Amino acid sequence: MNQPMISLESLLQPVDVQALEKTAASGGCSSSSCGSSAKPDDMDAATWEKIKDHPCYSEEAHHYFARMHVAVAPACNIQCNYCNRKYDCANESRPGVVSEKLTPDQAMRKVITVANEVPQLSVLGIAGPGDACYDWKKTKATFEAISKEIPDIKLCISTNGLALPDHVDELAEMNVDHVTITINMVDPEIGAKIYPWIYYNKRRYEGIEAARILHERQMLGLEMLTARGILTKINSVLIPGVNDEHLLEVNKWVKERGAFLHNVMPLISDPAHGTHYGLTGQRGPTAMELKKLQDELEGGAKLMRHCRQCRADAVGLLGEDRGQEFTLDQLPETVTYDASKREAYREVVAKERGDHVEAKHAAVAAVKDVAAEAKLLVAVATKGGGRINEHFGHAKEFQVYEAGPKGIGFVGHRKVETQYCEGGWGEDASLDAVIAALEGVEVVLCAKIGDCPKDMLTAAGIRATDDYGFEYIETAIGALYAAEYGVEVTAAVA
Ligand code: CLF
Ligand code: SF4
């Protein structure tokens, strides 16, 4: 088994920086190639440099690096049927929890505090609760101030695209490398079912005309960003019966216009959120419906499958939210940026990540070598670092991988609303919900699991094991797949 270079705790928060520094000094990365060995062969070095530490643009990076959002831009210029402005922006957050809105100065204090405390931090995003390009002055003031203090932080925004073309040049001047546009349609007739109105050039438009203007502005903004070498990610909300099949068309359009990634997210529709869709009974897709569409989209614009639909004030690794540790009332009045924790973390992660990438390549190659056509859907409990290092009962989500003739690929995550083991004992009702969330999954890998939940999972047709605890995820799945299909386990995956 590959032993972790650093302890699990040192990869997770709160990070013991002294331990990190010690580990780095005693064999941490000394190679400039560390962290870059994962560069896909079909990607140029400049693009890889932009994405390699961005947890949303690189699936591999999301095991190691964190983002934070600051909710400085609350105003919006359109209405989406899946949004209720009393709550967070549904483009980039879970509706249902109100964000704490910040002024640019407050955002500055918060970002520096988080950067001092969360060494994994690599990206600052503005993603709701309104539109970052419409509420532009606050977005710009925030980015300008923070990039002066923390020059190596990546700046990232999310927008509905309507006001985007007006600010592309300024985004380029500020070195914003990553822009997300939410594009749910390229056909205004479908758009009219998603957007009741927009506000553009001091006028309100409705229906198909509104959707047509929005569509044209989105395409223009995307083309302008591509022309300037800014990486774009397209978020699309999958709304069953409204734009599900249509998203194949959206994927084609955005690929032709140079989009770097396409992220199809499930509609979150709950009457309690008070959205139009929630109140009119529009349902969201099931996990398997989402996977089916994503599988159909393979071969088009490159897909992002590891999105967690973050809150507009999220802090931490994707899938975790430390926002409550950094609310305004907890921030110091004055704070000075201290780069030491982030630097120490990066140095150690570079080595661990290099080992992970090597192990992953070996495992993927070994699975491809197995002469089996079968696919195996595996759910993994992890706290980060690319390892199986979470107890079954503590998992807030499971990461789902598919092993098969194409190798091993990340296909998504399944959220667990209530952990099985809360407060030290297992709850059967929670286990039922976990089993429901694991629909379609054949095997669960975790660091520890008791006999009772294991037996209940078996009864539901899901095998669970802690035999691969603390192993790299792909190494474990490779060994499992090889064992499953009765072939020799090669040295690469042993
Ligand atoms: Fe935030 Fe979005 Fe930038 Fe990431 S989130 S602004 S690109 S830094 Fe990421 Fe969150 Fe998904 Fe967004 S997981 S909702 S894709
Ligand atoms: Fe809501 Fe965001 Fe849509 Fe504006 S763009 S209506 S804030 S989901």
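Below is a short write-up of the structure. (Residues numbered from 1 in each chain as written. Chains lettered and ligands numbered in written order. Predicted model: local features only at pLDDT ≥ 70, side-chain atom pairs only at ≥ 80, totals over all residues. Heavy atoms only, no water.)

Further remarks concern the sheet that holds strand E6 (residues 197–200). By way of backbone hydrogen bonds, the strands of a sheet pair with one another, either parallel or antiparallel. Read from one edge of the open sheet, three strands run E2-E6-E7, paired in antiparallel fashion. Looking at the sheet topology across the chains shown, the edges are occupied by strand E2 (78–79) and strand E7 (203–206). Pairing analysis gives four bridges linking E6 to E7, with the strands arranged antiparallel. Bridge pairing links Tyr 200 to Arg 203 in E7. Running over the sheet, helix H8 (residues 207–227) touches E2, E6 and E7 and is turned about 110° from E7. (Pairing = 2+ DSSP bridges. Helix = DSSP H or I, 4+ residues; strand = E, 2+ residues; numbered from the N terminus. Contact = heavy atoms within 4.5 Å. Axes fitted to C-alpha atoms, helices over the stretch in contact; angles between N-to-C directions.)

This paragraph deals with H8. For H8, with 21 residues, the first-to-last C-alpha span of 31 Å sits near the 30 Å given by 1.5 Å per residue. Along H8, the residues classified as buried are Ala 210, Ala 211, Ile 213, Leu 214, His 215, Arg 217, Gln 218, Met 219, Gly 221, Leu 222, Met 224 and Leu 225. Just beyond H8, the residue with positive phi is Gly 229, at close to 75°. (Expected span 1.5 Å × (residues − 1). Buried < 20%, exposed > 50% of the residue type's maximum accessible area, 1.4 Å probe, protein only.)

Two numbers describe a pair of aromatic rings. These are the distance of the centres and the angle of the planes. On inspection of all chains with the given rule, the structure shows five aromatic pairs. Here the aromatic rings of Tyr 401 and Phe 410 are separated by 5.2 Å at their centres, their planes lie at 90°, and the arrangement is edge-to-face. A relative accessible area of 1% means that Tyr 401 is categorised as buried. Taking the relative accessible area as the measure of exposure, Phe 410 reaches 10% and is therefore buried. A centroid spacing of 4.7 Å and a plane angle of 50° characterise the contact between Tyr 481 and Tyr 485, whose relative ring orientation is tilted. You can call Tyr 481 buried: its relative accessible area is 0%. (Phe/Tyr/Trp six-rings, centres within 6.5 Å; stacked < 30°, edge-to-face > 60°.)

Limitation: the analysis is restricted to geometry and does not speak to function.
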